[in-house]
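Residues per chain, in single letters:
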Amino acid sequence: MRKVLAAIAVVTGLFSLVPKAEAVPVLVFGDRSGDQAALTSDLTTLGHTVTNVSTAAAAGLDFSNFSTIWTLQIFSNFNSLLPDLQVFLNAGGGIHFTGERPCCEAGNDTIQSFLNANVTGGGLQVGNLGDTSATSSFNGSAVGDVSTAPNTLTTFNKSSAGKITGASGDNILASTSADVLGAVFDSTDLVNGAGRITVLMDVNWFSNSGAEPVVENLQTFLQSAPTGGGEVPEPGMLALLGLGLTGLALQRRRKRG
């Protein structure tokens, strides 16, 4: 019995040592310096190397140097960056878009254009739908475990937020009882079968309380985007020591996780 208990303790210890998403280079750009600084701080605390620049400065960067990109450009369009963002997505990159309320429809229009060019079936409207201050929460069944790993996300601590239509089911990231405020798309939802996208229709949440667990989940999801529409199994299986079992379930990870 002691050997059995010792074996279980060893295996439990192995699971507790499973690392979170590895540190990667991240690009943050936009026209919201305060919220960008808050996001940069959270990402840096999580171990990532962050380049935080204005949208104009982002235009001079090589996006292939980054694993994920977070856009906080809300007051004007950033259409000139869409070709580079397209190449980045097609190469398996993860992109988070920040939409907003009626203050910022030019930025919303850019996001809408990109989503409808990439999400299978299109039909998404981003913004131009008014705003809401109603209580909102994350969808626990959202694609890719984005709301449950590594943290369980519940309330979306936003300020007034814009809305999205056209997203449904596990592609809803956050919502009120009546409106969708965020969307999430895995590579299998995208026409080229590569990359991942998240959208939340508020910029203030980056500076609100409780932001870091949300940042961690989104970053974990985004940086795990496959480059070609599939998952690759890790070699080997863990064995239960001394219990005579052949092994545990095959562990899998995203190519870029």
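Caption draft 1: Region of the structure containing the side chain of Asn171. Take Asn171: it is sitting in the loop between β7 (164-165) and β8 (172-175). On the basis of relative accessibility, which here comes to 14%, the residue Asn171 falls in the buried class. There is a polar contact of 3.1 Å between the side chain of Asn171 and the side chain of Asp189.

Caption draft 2: View of the side chain of Asn118. Among the structural elements, Asn118 can be located in helix α5 (residues 105-118). Look past the residues within four positions of Asn118 in its chain and what remains in contact with it is Gln86, Leu89, Asp189, Leu190, Val191 and Asn192.

Caption draft 3: The arrangement of the packing of helix α2 (residues 33-45) against helix α6 (residues 211-222) in detail. Running from amino to carboxyl end, α2 crosses α6 at an angle of 70°, the nearest separation of the two axes being 10 Å. Classified by the interaxial angle, the pair formed by α2 and α6 is roughly perpendicular. Relative to α6, the crossing made by α2 is right-handed. On α6, the residues that touch Leu39, Asp42, Leu43 and Thr45 of α2 are Ala211, Glu212, Val215 and Gln219. Counted by class, the contact of α2 with α6 contains 4 nonpolar, 2 polar and 2 charged residues.

Caption draft 4: Summary view of the pairing of strand β3 (residues 68-72). Counted residue by residue, β3 has 5 buried out of 5 residues, so it is predominantly covered. Residues of β3 alternate between two faces, with Thr68, Trp70 and Leu72 on one and Ile69 and Thr71 on the opposite face, all of them buried. Of the pairings in the sheet, the one linking strand β1 (residues 25-30) to β3 comprises 5 bridges and is parallel in character. Paired with Phe29 across the two strands is Thr71, which belongs to β3. Judged from the 4 bridges that link them, β3 and strand β4 (residues 94-98) form a sheet pairing that is parallel. The residue bridging Thr71 from the neighbouring strand is Phe97, located in β4. Where the polypeptide runs from β3 across helix α4 (residues 82-90) and back to β4, its parallel neighbour, the crossover connection is right-handed.

Caption draft 5: Representation of the packing of aromatic side chains within the structure. A full pass over the atoms with the stated rule returns 7 aromatic pairs. The interplanar angle of 75° and the centroid separation of 6.1 Å between the aromatic rings of Phe29 and Phe78 together place this pair among those described as edge-to-face. Remark: Phe78 occurs in the loop between β3 and α4 and Phe29 occurs in strand β1; sequence separation between them is 49 residues. Among the residues examined, Phe29 registers a relative accessible area of 0% and is labelled buried. By relative accessible area, Phe78 is classed as buried at 1%. Measuring from ring centre to ring centre gives 5.4 Å for Phe97 and Phe114, while their planes differ by 55°; the resulting arrangement is tilted. Taken together, the residues span a long stretch of sequence, with Phe97 in strand β4 and Phe114 in helix α5 at a distance of 17 residues. The pair Phe97 / Phe114 is uniform in exposure class, with both members buried. One aromatic cluster in this structure is built from Trp70, Phe138, Phe156, Trp205 and Phe206.

Caption draft 6: Seen up close, unusual backbone geometry. Here Ala149 and Pro150 are connected by a cis peptide whose omega angle stands at 0°. Note that Pro150 resides in the loop between β6 (137-138) and β7. Non-glycine residue Asn128 carries a positive phi angle of around 55°. Position of Asn128 among the secondary structure elements: in the loop between β5 (125-126) and β6. Asn128 gets classed as partly exposed once you look at its relative accessible area, which sits at 42%. The backbone of Asp145 shows a phi angle near 55°, a positive value even though the residue is not glycine. Relative to the helices and strands, Asp145 is located in the loop between β6 and β7.

Caption draft 7: Representation of α4 in the model. Of all the positions in α4, only Leu82, Leu85, Phe88 and Leu89 are classed as buried. Buried positions in α4, seen along its axis, are confined to an arc of 120° and lie on one side of it. Residues of α4 that are exposed and angled more than 90 degrees away from the buried face: Pro83 and Val87. At its buried positions, α4 is contacted by β3, β4, α5 and β10 (196-200).

So, how was this worked out
Residues numbered from 1 in each chain as written. Predicted model: local features only at pLDDT ≥ 70, side-chain atom pairs only at ≥ 80, totals over all residues. Heavy atoms only, no water. Helix = DSSP H or I, 4+ residues; strand = E, 2+ residues; numbered from the N terminus. Buried < 20%, exposed > 50% of the residue type's maximum accessible area, 1.4 Å probe, protein only. Polar contact = N/O pair within 3.5 Å; in protein donor to acceptor, adjacent residues only side chain to side chain. Contact = heavy atoms within 4.5 Å. Axes fitted to C-alpha atoms, helices over the stretch in contact; angles between N-to-C directions. Parallel < 35°, antiparallel > 145°, perpendicular 65-115°, else oblique. Left-handed = near helix turned anticlockwise from the far one by under 90°. Nonpolar A, V, L, I, M, F, W, Y, C, P; charged D, E, K, R; others polar. Pairing = 2+ DSSP bridges. Right-handed = clockwise from strand over helix to strand, strands pointing away. Phe/Tyr/Trp six-rings, centres within 6.5 Å; stacked < 30°, edge-to-face > 60°. Arc of directions from axis to C-beta.

All quantities given are derived from atomic positions and should not be read as evidence of function.
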